[in-house]
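# Topology and contacts: notes
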Amino acid sequence: MSNDYDVIVIGAGPAGYHAAIRCAQLGFKTACINKMRDKDNKPVLGGTCLNWGCIPSKALLDASHKFHEAQHDFADMGINTGKVSADVPKMIARKQEVVDGLTGGVAALFQGNGVTSLEGSGRLHANCQVAFTPHDGPEQMLQAAHVILAPGSVPVDIPPAPLEDGLIVDSTGALEFTAAPGRLGVIGAGVIGLELGSVWNRLGSDVTVLEALDEFLPMADSRISRDAQRMLKGQGLDIRLGARVTATEVKGRGNKKTVTVTYQDKDGEQQSEFDKLIVAVGRRPYTEGLLAPDSGVNLDERGFLYVNDLCATDAPNVYAVGDVVRGPMLAHKGMEEGVMVAERIAGHKPLVNYDTVPSVIYTHPEIAWVGKTEQQLKADGENYNVGSFPFAANGRALAANETEGMVKLIADADSDRILGVHVLGPQASEMIAQAVISMEFSASAEDLGLIMFAHPTLSEGVHEAALGAAGHAIHMVNRKKPGKK
Ligand code: FAD
Ligand code: AMP
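Quick caveat: nothing in here was measured; it's all calculated off a predicted structure.

### Let's talk about the site of ligand 2
G188, E211, A212, A243 and V245 are the nearest of the 15 residues found near ligand 2. A212 is positioned with one of its backbone polar atoms (N or O) 3.1 Å from a nitrogen atom of ligand 2. Note that a nitrogen atom of ligand 2 is positioned 2.9 Å from one of the backbone N or O atoms of V245. Looking at the shell around ligand 2 residue by residue, the classes come out as 10 nonpolar, 3 polar and 2 charged.

### Some words on the pattern of salt bridges
In the structure shown here, the tally under the stated rule is 17 salt bridges. Salt-bridge contacts for R183 lead to E273; the nearest nitrogen and oxygen are separated by 3.5 Å. With R183 in strand β8 (residues 183-187) and E273 in strand β13 (residues 268-274), this residue pair connects regions lying 90 residues apart in the sequence. For R183, a relative accessible area of 30% puts it in the partly exposed group. Residue class for E273 comes out partly exposed when judged on its relative accessible area of 37%. The salt bridge involving R223 is made with D227; its shortest N-O contact spans 3.2 Å. Note that R223 and D227 are positioned in helix α7 (residues 222-234) at a spacing of 4 residues, about one turn of the helix. In this structure D227 comes out as buried when scored by relative accessible area, which is 8%.

### Observations regarding the nonpolar core
With 37 residues, the main nonpolar core has W200, F216, I278 and I367 as its most contacted residues. Every element with two or more residues in this core is listed here: α3 (54-72), α4 (88-113), β8, α6 (191-202), β9 (206-210), α7 and β18 (366-371). I21, A24, Y319 and M335 belong to the second largest nonpolar core, which has 30 residues in total.

### Structural notes on the site of ligand 1
What surrounds ligand 1 is a group of 38 residues, the closest being N34, T48, K58, D323 and A331. In the environment of ligand 1, an oxygen atom lies 2.6 Å from a nitrogen or oxygen atom belonging to the side chain of T48. At 3.4 Å from an oxygen atom of ligand 1 is found a main-chain nitrogen or oxygen belonging to M329. Taking 1,000 Å² as the accessible area of ligand 1 by itself, protein coverage stands at 95%. When residues of the shell around ligand 1 are traced back to their parent elements, those giving at least two are α1 (14-25), β2 (30-34), α2 (47-52), α3, β3 (116-124) and α8 (331-345). The greatest single-element share of the shell around ligand 1, amounting to 4 residues, is contributed by α2. Looking at the shell around ligand 1 residue by residue, the classes come out as 18 nonpolar, 16 polar and 4 charged.

### Overview of the packing of α3 against α6
It is at 9 Å that the axes of α3 and α6 come closest, and there the two elements cross at 35°. Crossing angle aside, the handedness with which α3 passes α6 is left-handed. Residues S57, K58, L60, L61, S64, H65, F67, H68 and Q71 of α3 pack against E195, S198, V199 and R202 of α6. For the contact of α3 with α6, the per-class residue count stands at 4 nonpolar, 6 polar and 3 charged.

### Regarding α4
With 26 residues, α4 should cover 38 Å at 1.5 Å per step; its first-to-last C-alpha distance of 38 Å lies within 8% of that length. Restricting attention to buried positions, one finds in α4 the residues V88, M91, I92, K95, Q96, V99, T103, V106 and F110. Contacts made by the buried residues of α4 are with α1, β2, α2, α3, β3 and α6. Backbone geometry just downstream of α4 places G114 in the positive-phi region, at approximately 80°.

### So, unusual backbone geometry
Cis geometry marks the peptide bond from H364 to P365; its omega dihedral reads -5°. Put simply, H455 and P456 share a cis peptide bond, and its omega is -5°. For P456, the location among the structural elements is in the loop between α12 (445-450) and α13 (460-469). Here the phi dihedral of C128 falls at roughly 60°; this positive angle occurs in a residue that is not glycine. Relative to the assigned elements, C128 resides in the loop between β3 and β4 (129-134). Judged by relative accessible area, which is 4%, C128 ranks as buried.

### Focus on the domain arrangement of the chain
The domains assigned to the chain are domain 1 (5-155 + 284-354), domain 2 (168-281) and domain 3 (365-468). For domain 1 and domain 3, the distance between their C-alpha centres works out to 31 Å. Taken together, the contact pairs 6 residues of domain 1 with 5 residues of domain 3. Summed over both partners, the interface of domain 1 with domain 3 comes to about 290 Å²; 37% of that surface belongs to carbon and sulfur atoms. In this structure, the connection of domain 1 to domain 3 is made through 0 salt bridges.

Analysis parameters
- Residues numbered from 1 in each chain as written.
- Chains lettered and ligands numbered in written order.
- Predicted model: local features only at pLDDT ≥ 70, side-chain atom pairs only at ≥ 80, totals over all residues.
- Heavy atoms only, no water.
- Near = heavy atom within 4 Å.
- Polar contact = N/O pair within 3.5 Å; in protein donor to acceptor, adjacent residues only side chain to side chain.
- Nonpolar A, V, L, I, M, F, W, Y, C, P; charged D, E, K, R; others polar.
- Salt bridge = Lys/Arg side-chain N within 4 Å of Asp/Glu carboxyl O.
- Helix = DSSP H or I, 4+ residues; strand = E, 2+ residues; numbered from the N terminus.
- Buried < 20%, exposed > 50% of the residue type's maximum accessible area, 1.4 Å probe, protein only.
- Core = buried A, V, L, I, M, F, W, Y, C linked by side-chain atoms within 4.5 Å.
- Areas by Shrake-Rupley, 256 points an atom, 1.4 Å probe, with all protein chains shown as cover.
- Axes fitted to C-alpha atoms, helices over the stretch in contact; angles between N-to-C directions.
- Left-handed = near helix turned anticlockwise from the far one by under 90°.
- Contact = heavy atoms within 4.5 Å.
- Expected span 1.5 Å × (residues − 1).
- Domains from an automatic or database assignment.
- Buried area = accessible area lost by both parts, 1.4 Å probe.

Structure (structure tokens):
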């Protein structure tokens with residue numbers, strides 16, 4: 001039987017659309033099947049990231065941050081504004097314009113690269129056969145030489161907090177409030193809970209974050225997470241750790257509805273009442289309807305599609321990438337997997353380096369890291385040196401009135417190879433790329449210390465932290481005694 005396509009990609013989120021475009025660039029006849037529709041039922045490309053994730057959340061984070069600055073920081077810099085007010089519906093509409101521009105951009109990229117965009121759902125059968133059901137038509141069977149599965153993830157819901165339209169919402173609903181709720185509860189102090197909590201806190205809500213774990217951001221370096229927790233609390237986020245939500249009760253009627261949340265903490269059962277509640281307790285792989293019984297693809301014990309290091313599933317010529325497979329649920333991780341698989345199909349030999357996936361939390365200040373935390377290295381019994389540099393000693397940070405936070409760099413004590421970099425500060429998301437590049441090239445802290453950085457820049461904090469690992473940061477009094485090399 002002849003192939004309809006060289007490659008069929010299922011899912012047009014960042015993992016899938018990167019895979020599809022790269023396949024087409026490599027000369028493969030490629031189709032991408034995608035079933036997502038927007039709230040007006042219009043088919044949309046770009047997946048969670050563009051429609052309900054990375055991009056809309058950043059549009060609201062950036063807008064709400066500017067509002068916060070205008071209210072609280074401009075006067076310090078000699079700018080008087082008078083009373084500043086937020087037009088939330090306009091912010092939401094602008095967010096949607098940004099989203100629409102980017103999803104339309106993916107459609108244009110598909111067209112420009114010759115990717116056939118198929119609107120509807122895909123289901124994998126044996127031998128790379130894909131059943132495609134268009135949104136408005138009967139199922140048809142397509143044959144491909146290779147299939148790439150990229151169906152993404154969906155929010156986890158928990159039995160104690162069933163969603164209720166506009167009142168108890170997941171991250172998607174939290175991007176659509178048309179006014180800042182008076183009292184806003186957030187379940188989960190993970191990345192999404194903190195970002196969305198920050199948006200609405202800046203826009204005027206009283207935000208309480210309930211987190212079951214006793215530790216704040218345990219995946220981040222503990223020095224950074226401790227400082228970040230203090231700063232976020234200072235901004236008004238009431239972060240309650242060791243608070244496990246066990247029940248919710250909706251009270252009242254119509255637009256007077258409130259939600260009472262019951263949670264357990266070290267003192268026993270507690271209750272809090274909110275006007276809206278965001279459930280941000282994580283995401284799970286989405287595989288509904290994806291696999292026919294004869295597909296040959298297996299799931300792991302947590303429901304992710306099982307793949308090897310090269311993203312190959314157990315079925316011949318079938319790959320899976322993005323949130324639906326092991327590893328961090330991050331857009332850039334999925335993008336690189338998508339490109340790797342496309343190039344592998346073409347016979348090239350790229351790899352994804354999972355040791356250098358950067359993590360970012362877009363609060364203000366931002367939190368970003370790559371590599372090992374100090375607590376991990378300590379637990380592993382590694383020998384390491386730490387260099388840290390506070391933004392309070394950085395000229396550009398002072399000029400910009402953005403002095404909170406630090407850069408912390410950890411290097412192997414013997415080889416000086418950089419093992420981890422942790423940034424809490426303005427534009428940490430941009431600065432972390434320097435660390436990723438350094439680590440990809442197996443740089444030592446000394447290498448980074450010998451490189452010239454433009455002055456004055458926040459990035460000089462990275463430079464100074466690298467010098468600090470060897471004990472000779474210039475703009476800090478160092479641990480090593482003068483005269484010592
Ligand atoms: P998805 O983006 O989920 O896309 C999967 C696509 O496949 C969807 O369009 C879906 O409809 C389609 N699909 C599924 N099954 C089928 C099927 N059977 N047939 C046809 N189509 C199908 N990550 C970051 O890196 N940075 C961030 O700042 C960031 N912020 C986030 C903020 C929020 C609020 C959320 C919710 C997520 C955020 N993420 C962020 C995570 C990021 O969105 C995901 O990691 C990313 O979207 C995963 O990409 P993906 O391509 O694997 O899947
Ligand atoms: P993340 O997986 O990073 O999105 O974070 C989700 C957070 O939600 C985790 O830190 C969980 O500990 C937290 N969480 C999960 N269930 C509950 C619950 N019932 N009550 C409070 N926090 C929870």
